[in-house]
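Inside the fold
Letter by letter, the chains look like this.
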Amino acid sequence: MAQITEKELSALGDLLTLETTLQKKCECMAAEAGDAGLTQCYQQMAAHHQRHVNELYDKLK
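Residues numbered from 1 in each chain as written. Predicted model: local features only at pLDDT ≥ 70, side-chain atom pairs only at ≥ 80, totals over all residues. Heavy atoms only, no water.

The number of helices and strands found in the chain is 2 helices and 0 strands. The globule rule puts the C-alpha radius of gyration for 61 residues at 10 Å, and the 14 Å found for the chain is more than 25% above it. If one aligns the C-alpha atoms of the chain with their principal axes, the spans along those axes are about 45 × 15 × 10 Å. Pairs at least 24 apart in sequence give 59% of the contacts found in the chain among residues at least 6 apart. Looking at the chain as shown, the accessible area adds up to about 4,700 Å², and 57% of this sits on carbon and sulfur atoms. Averaging the positions of the 6 positive and the 9 negative side-chain charges in the chain gives two centres separated by 3 Å. (Helix = DSSP H or I, 4+ residues; strand = E, 2+ residues; numbered from the N terminus. Rg over C-alpha atoms; globule rule 2.2 N^0.38 Å. Contact = heavy atoms within 4.5 Å. Areas by Shrake-Rupley, 256 points an atom, 1.4 Å probe, with all protein chains shown as cover. Lys, Arg positive; Asp, Glu negative; His and termini not counted. Charge placed at Lys NZ, Arg CZ, Asp CG, Glu CD.)

Moving on, we get to helix α2 (residues 36–60). Helix length check: α2, at 25 residues, gives a terminal C-alpha distance of 37 Å against a target of 36 Å (1.5 Å per residue), a fit within 8%. Every buried residue of α2 is accounted for by Thr39, Ala46, His49, Val53 and Leu56. Those residues of α2 that are buried are in contact with α1 (6–32). Of the residues that open α2, the one with a side-chain oxygen 3.1 Å from the backbone nitrogen of Gly37 is Asp35. (Expected span 1.5 Å × (residues − 1). Buried < 20%, exposed > 50% of the residue type's maximum accessible area, 1.4 Å probe, protein only. Polar contact = N/O pair within 3.5 Å; in protein donor to acceptor, adjacent residues only side chain to side chain.)

Right, let's get into the environment of Cys28. Position of Cys28 among the secondary structure elements: in helix α1. For Cys28, a relative accessible area of 47% puts it in the partly exposed group. Each C-alpha atom of the pair Cys28 and Tyr42 lies 8.6 Å from the other, and the pair is 14 residues apart in sequence.

A separate point is the packing of α1 against α2. In a packed pair of helices, the relevant descriptors are the angle between the two axes and the axis-to-axis distance. Between α1 and α2, the least distance of the axes is 8 Å, while the angle of their chain directions is 160°. Here α1 lies roughly antiparallel to α2, going by the angle between them. In terms of crossing hand, the pair formed by α1 and α2 is left-handed. The segment α1 lies against α2, with Leu9, Leu12, Leu15, Leu16, Glu19, Thr20, Leu22, Gln23, Cys26, Glu27, Met29 and Ala30 engaging Thr39, Tyr42, Gln43, Met45, Ala46, His49, Gln50, His52, Val53, Leu56, Tyr57 and Leu60. Here the contact of α1 with α2 is built from residues that sort into 15 nonpolar, 7 polar and 2 charged. (Axes fitted to C-alpha atoms, helices over the stretch in contact; angles between N-to-C directions. Parallel < 35°, antiparallel > 145°, perpendicular 65-115°, else oblique. Left-handed = near helix turned anticlockwise from the far one by under 90°. Nonpolar A, V, L, I, M, F, W, Y, C, P; charged D, E, K, R; others polar.)

Here's what the structure looks like:
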């Protein structure tokens, strides 16, 4: 893997923070949703953001 710059590393850190925050918010919304359809939608969005987090960590390996 090619060396990444300080700026790129900072951007990856910012993206990790954002995606993790979005994933946690979606999980909270799923837990509080009163409708089964909304719960499922929020759970799918949480999983989507978790995949992004995993992909970003893979880029750092």
